[in-house]
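# What the coordinates show
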Amino acid sequence: MKRELIALILLALLIIGAAINLACVDQLTHLVCLNLNRSEKAAAYGDFETARKSYEIGFSVWQSARHYTSVFLRHPDVDAAADAFYDLQQLLLQEDSNALPAAYARLRYHLDVIDYMEHPSIGTIF
Amino acid sequence: MAIVICRTLIVYFALLLTMRLLGKRQLGEMELSEFVLGALIADLAAHPLQDMGIPLINGLVPILTLFCCEILIAGASMKSLRLRIAFFGKPSMLILHGQIVQQEMHKNRFTLDELMQELRSQGYTDISKIEYAILETDGKLNIIPHPSESPVTAAQMGLTVQGGSYPTILISDGRILEANLQYVGLDKCWLTDRLRENGADTASQVFLMTVNEAGEIYFAKKEALA
């Protein structure tokens, strides 16, 4: 009975851990996307200084969660998001307003995929 | 992480169901859930080791989930007979009073060749001399011969035999097993006397020494290595 109880507690802990992980990934992607939206709006108005600042905040949020992302998320997804971050940074420095919307969309897509793939649904389970 | 848990549970129960439907033949001395667990864990553990792109936690979480499932299923089936039958099945009588039960053979997908092979491997060639052949839930075939074919026991012959005695190891490869010495109610003084009687000065010269309940000693001195 003791072993069954331990197994039940362990299973419950795993499920709680999974729920915490979902909350973490939600918060991380939400915070990064919030700053990316600000950055994109500023870039659309030609305010590249503000766009770069907002981008830097978003990127630092992503970088500060490096340990979390490498332990809990699939490494190819994390690498793809990092590549998209650096591509966007380059375009912001070049102030290339034609290529910027696509770069923002690509980064947001990678973050969406990371968030979506962590949420249990018919699509993600099967 | 939640996906990993969901996937693990789905694969575990799908495999359990598949193996349950495949029948006992596939198991070979393992309970159904043990077999499924063994098949899954070996593969789950290998993936994060081979592919560095998969976080180690994706291998550990399913293993922990499977461990919990196994313990809970084992615990639940101890309490409920219905659940036990559902998960592990029940023994099948393949031979009853010297007659093959064809329906059970068919149900378990057990061919005549396989039955004959099992019988031969256990020293039986004549089905009519077998009282029962039972296919257990772990896939093992247990055979009980007809009483006329069973070996005669001492009780049937009216003989009185002494009870068997279990030998306890006191010295193993030069080391005294003090827990065993205490268990049989003996002490080191008794052991030293027995060593001297057998021509050894210390326990380190002895390879194996056992004593049974009747106090009989088996003594093997260490051979000198070339």
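Calculation rules
- Residues numbered from 1 in each chain as written.
- Chains lettered and ligands numbered in written order.
- Predicted model: local features only at pLDDT ≥ 70, side-chain atom pairs only at ≥ 80, totals over all residues.
- Heavy atoms only, no water.
- Helix = DSSP H or I, 4+ residues; strand = E, 2+ residues; numbered from the N terminus.
- Buried < 20%, exposed > 50% of the residue type's maximum accessible area, 1.4 Å probe, protein only.
- Contact = heavy atoms within 4.5 Å.
- Areas by Shrake-Rupley, 256 points an atom, 1.4 Å probe, with all protein chains shown as cover.
- Pairing = 2+ DSSP bridges.
- Axes fitted to C-alpha atoms, helices over the stretch in contact; angles between N-to-C directions.
- Expected span 1.5 Å × (residues − 1).
- Salt bridge = Lys/Arg side-chain N within 4 Å of Asp/Glu carboxyl O.
- Phe/Tyr/Trp six-rings, centres within 6.5 Å; stacked < 30°, edge-to-face > 60°.
- Polar contact = N/O pair within 3.5 Å; in protein donor to acceptor, adjacent residues only side chain to side chain.
- Nonpolar A, V, L, I, M, F, W, Y, C, P; charged D, E, K, R; others polar.
- pLDDT = per-residue confidence, 0-100.
- Core = buried A, V, L, I, M, F, W, Y, C linked by side-chain atoms within 4.5 Å.

### Remarks on the overall build of chain A
Helix and strand counts for chain A come out as six helices and zero strands. Traced from its N-terminal end to its C-terminal end, chain A shows the element sequence α-α-α-α-α-α. Taking all 126 residues of chain A together, the buried fraction comes to 37%. Restricting to contacts in chain A with at least 6 residues of sequence separation, those with at least 24 account for 68%. Carbon and sulfur atoms form 63% of the exposed surface of chain A, whose accessible area is close to 7,300 Å².

### Comments concerning the sheet that holds strand 1 (residues 92–96) of chain B
All names here are of chain B. Across the sheet, four strands lie side by side as 2-1-3-4; this open sheet has antiparallel pairing. Both outer strands of the open sheet, strand 2 (99–100) and strand 4 (141–145), are each paired with one neighbouring strand and no more. The sheet contact formed by strand 1 and strand 2 spans two bridges and is antiparallel. Bridging from a neighbouring strand, Leu-96 pairs with Gln-99 of strand 2. Packed onto the sheet, helix 6 (residues 112–121) meets strand 1, strand 2, strand 3 (130–135) and strand 4 and runs at close to 65 degrees relative to strand 4.

### Some remarks on helix 4 (residues 75–94) of chain A
Between its first and last C-alpha atoms helix 4 of chain A spans 29 Å; for 20 residues at 1.5 Å apiece the expected length is 28 Å, and the two agree. Phi turns positive one or two residues past the end of helix 4 of chain A, at A:Glu95, with a value near 55 degrees.

### Focus on the pattern of salt bridges
According to the stated counting rule, one finds nine salt bridges over all chains in the structure shown. A salt bridge links B:Asp173 to B:Lys222; the shortest N-O distance between them is 3.6 Å. Of this pair, B:Asp173 sits in the loop between strand 5 (168–172) and strand 6 (175–176) while B:Lys222 sits in the segment after strand 8 (217–221), and the two are 49 residues apart along the sequence. On the basis of relative accessible area, B:Lys222 is assigned to the partly exposed category, the value being 36%. Overlapping salt bridges, with partners in common, bring together A:Glu49, A:Arg52 and A:Glu95 in one network.

### Focus: the packing of aromatic side chains
All names here are of chain A. For the structure on display, the rule yields six aromatic pairs over all chains. Ring centres 4.9 Å apart and planes at 45 degrees place the aromatic pair Phe-59 and Phe-85 in the tilted group. Of this pair, Phe-59 sits in helix 2 (residues 48–64) while Phe-85 sits in helix 4, and the two are 26 residues apart along the sequence. According to the relative accessible area criterion, Phe-85 is buried, its value standing at 0%. Taken together, the ring pairs in this structure connect Tyr-55, Phe-59, Trp-62, Phe-85 and Tyr-86 into an aromatic cluster.

### Structural notes on the side chain of A:Ser39
All names here are of chain A. By the secondary structure assignment, Ser-39 is in helix 1 (residues 2–44). According to the relative accessible area criterion, Ser-39 is buried, its value standing at 0%. If we ignore the near neighbours within four places in the chain, the residues touching Ser-39 are Ala-51, Ser-54, Tyr-55, Leu-92 and Tyr-104.

### A look at the interface of chain B and chain A
Chain B puts 22 residues into the contact, and the matching count from chain A is 27 residues. In this structure, the connection of chain B to chain A is made through zero salt bridges. At the surface where chain B touches chain A, the tally comes to zero residue pairs in polar contact (both at pLDDT 80 or more). Taken together, the residues of the side of chain B that touches chain A break down into 16 nonpolar, four polar and two charged.

### Considerations on the sheet that holds strand 5 of chain B
All names here are of chain B. The strand order 6-5-7-8 describes an open sheet built from four strands, whose pairing is antiparallel. Of all the strands in the sheet, the pair left with one neighbour each is strand 6 and strand 8. As paired strands, strand 7 (residues 206–211) and strand 8 are joined by five bridges and run antiparallel to one another. Residue pairing in the sheet places Thr-210 in a bridge with Tyr-218 of strand 8.

### Observations regarding the pairing of strand 4 of chain B
Residues and elements named next belong to chain B. Of the two faces of strand 4, the one lined by Leu-141, Ile-143 and Pro-145 is fully buried and the one lined by Asn-142 and Ile-144 carries no buried residue. With five bridges connecting them, strand 3 and strand 4 associate as antiparallel partners. Bridged to Ile-134 within strand 4 is Asn-142.

### As for the confidence of the model for chain B
Caution applies to low-pLDDT regions: their predicted coordinates should not be interpreted in detail. Chain-level statistics for chain B give a pLDDT mean of 84 and a share of 92% at 70 or above. If you check the scores for this complex, the pTM reads 0.64 and the ipTM reads 0.73.

### Description of the nonpolar core
Core analysis: the largest hydrophobic core is formed by 29 residues, its most contacted members being A:Val32, A:Leu36, A:Trp62, A:Leu88, A:Leu92, A:Leu100 and A:Tyr104. Not counting chain neighbours up to four residues away, the residues in contact with A:Leu36 comprise A:Tyr55, A:Leu88, A:Tyr104, A:Leu107, A:Arg108 and A:Leu111.

### Looking at the environment of A:Leu100
Residues and elements named next belong to chain A. Within the secondary structure layout, Leu-100 lies in helix 5 (residues 100–118). Sequence separation between Leu-100 and Asp-87 is 13 residues; the distance between their C-alpha atoms is 9.5 Å. In this view, Leu-100 contacts Ala-43, Phe-48, Leu-88, Leu-91 and Leu-92; residues no more than four positions away in its chain are not counted.

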